[in-house]
Amino acid sequence: MKEIFTKSMARNIYFGGSIFFVLLFLALTYDTHQALPQRDNSQAITETVALGKKLWEKNNCIGCHTLLGEGAYYAPELGNVYVRYGKSKEAIKAFIKSRPVNGIPGRRSMPQFNLTEEELEALAEFLKYSSEINTANWPPNKQG
Ligand code: HEC
């Protein structure tokens, strides 16, 4: 019986397909690296923002919150909290200072971290910087 689909055809599809997708992968990687500097908001990283990031880690904020979709799901996403709070660092600081809110059954509340004014400012600056990263609206969030 005559073969319609020959071994050499199969080989060509295998190698051709592999080369095509490797090239596509390289092109998309290149494109991402070209686009990142315009989107990552790295020009906004000041000493204060860096301090805010350190405090973010030291206090394990990510143990309860997500930031840009990464983290724990106990408490709200914070990548867009600066925008949701009317672009007010003061509102964010006031919120953090005002916790915990106890006595409401079933309500989760954030603990008190006893942060100094400088530390609150740094965390608020870090959250402002995070909100200005161009994530193409990731994570999708109706509140944002
Ligand atoms: C033990 C869990 C926990 C940790 C750790 C935690 N939070 Fe929270 N956070 C919460 C919960 C729960 C809420 C929402 C409920 C509330 O307190 O009103 C919240 C709310 C917030 C809000 C308001 C969010 C909104 O959408 O209104 C901000 C801002 C915030 N946290 C910042 C921080 C920062 C900054 C840190 C680290 C210093 C941190 N949180 C660490 C549990 C936590």
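Residues numbered from 1 in each chain as written. Predicted model: local features only at pLDDT ≥ 70, side-chain atom pairs only at ≥ 80, totals over all residues. Heavy atoms only, no water.

(A) The arrangement of the site of the ligand in detail. Inspection of the region around the ligand gives 22 residues, with C61, C64, H65, Y85 and M110 positioned closest. Y85 has a polar side-chain atom sitting 2.5 Å from an oxygen atom of the ligand. Within the contact set of the ligand, an oxygen atom lies 2.6 Å away from a side-chain nitrogen or oxygen of R99. The cavity where the ligand resides is the largest pocket. Counting only elements with at least two residues in the shell around the ligand, the list comes to α3 (81-84) and α4 (89-98). Grouping the constituent residues of the shell around the ligand by class yields 14 nonpolar, four polar and four charged. (Near = heavy atom within 4 Å. Polar contact = N/O pair within 3.5 Å; in protein donor to acceptor, adjacent residues only side chain to side chain. 1 Å grid on protein atoms, 1.4 Å probe; cavity = no way out; pocket = protein on both sides within 12 Å on 5 of 7 lines; lining within 4 Å. Sits in = over half its atoms within 2 Å of the grid points. Helix = DSSP H or I, 4+ residues; strand = E, 2+ residues; numbered from the N terminus. Nonpolar A, V, L, I, M, F, W, Y, C, P; charged D, E, K, R; others polar.)

(B) Spotlight on the environment of N114. Within the secondary structure, N114 is located in the loop between α4 and α5 (117-131). Among the residues examined, N114 registers a relative accessible area of 64% and is labelled exposed. C-alpha separation for the pair N114 and E132, spaced 18 residues apart in sequence, amounts to 27 Å. (Buried < 20%, exposed > 50% of the residue type's maximum accessible area, 1.4 Å probe, protein only.)

(C) Layout of the nonpolar core. Ranked by internal contacts, the top residues of the largest apolar core, which has 20 residues, are W56, L67, L78, I92, I96, F126 and L127. Here the element with the most residues in this core is α5; it accounts for seven residues. Non-local contacts of I92, meaning those with residues more than four positions away in its chain, are made with V81, Y82, Y85, A124 and L127. (Core = buried A, V, L, I, M, F, W, Y, C linked by side-chain atoms within 4.5 Å. Contact = heavy atoms within 4.5 Å.)

(D) Examining the coordination of the iron atom of the ligand more closely. Protein ligation of the iron atom of the ligand involves H65 (NE2) and M110 (SD), the donor distances falling in the range 1.9 Å. In this structure, the iron atom of the ligand is surrounded by six donor atoms whose angles at the metal cover 87 to 179 degrees, and the resulting shape is octahedral. A residue pair is termed long-range when its members are at least 10 positions apart, and H65 in the loop between α2 (47-58) and β1 (66-67) and M110 in the loop between α4 and α5 qualify at 45 residues. For the pair shown, H65 and M110 are each scored as buried. (Donors = N, O, S within 2.8 Å, 3.2 Å for Na, K, Ca; no water. Tetrahedral: all angles 85-135°; square planar, octahedral: opposite > 155°, others 65-115°.)

(E) Representation of the domain arrangement of the protein. Structurally, the protein comprises domain 1 (7-34) and domain 2 (45-144). The C-alpha centroid of domain 2 is placed 42 Å from the C-alpha centroid of domain 1. (Domains from an automatic or database assignment.)

(F) Geometry of the packing of aromatic side chains. Enumeration according to the criterion identifies five aromatic pairs in this entry. Aromatic side chains F20 and F21 sit 5.0 Å apart centroid to centroid with 80 degrees between the ring planes, which places their arrangement in the edge-to-face category. The exposed category is assigned to F21, whose relative accessible area is 53%. Here the aromatic residues W56, F126 and Y129 are joined through ring pairs into a cluster of three or more. Between the NZ or CZ atom of R99 and the centre of the ring of F95, over which it lies, the distance is 4.0 Å. (Phe/Tyr/Trp six-rings, centres within 6.5 Å; stacked < 30°, edge-to-face > 60°. Lys NZ or Arg CZ within 6 Å of the ring centre and 35° of its normal.)

(G) Here's a closer look at the environment of T6. Secondary-structure assignment places T6 in the segment before α1 (7-39). The class for T6 is partly exposed, based on a relative accessible area of 27%.

(H) Just the packing of α2 against α5, in detail. It is at 7 Å that the axes of α2 and α5 come closest, and there the two elements cross at 100 degrees. Taken as axis vectors, α2 and α5 run roughly perpendicular relative to one another. From α2, T48, V49, L51, G52, K53, L55 and W56 reach across to α5, where they touch E118, E119, E121, A122, L123, E125, F126, L127 and Y129. (Axes fitted to C-alpha atoms, helices over the stretch in contact; angles between N-to-C directions. Parallel < 35°, antiparallel > 145°, perpendicular 65-115°, else oblique.)

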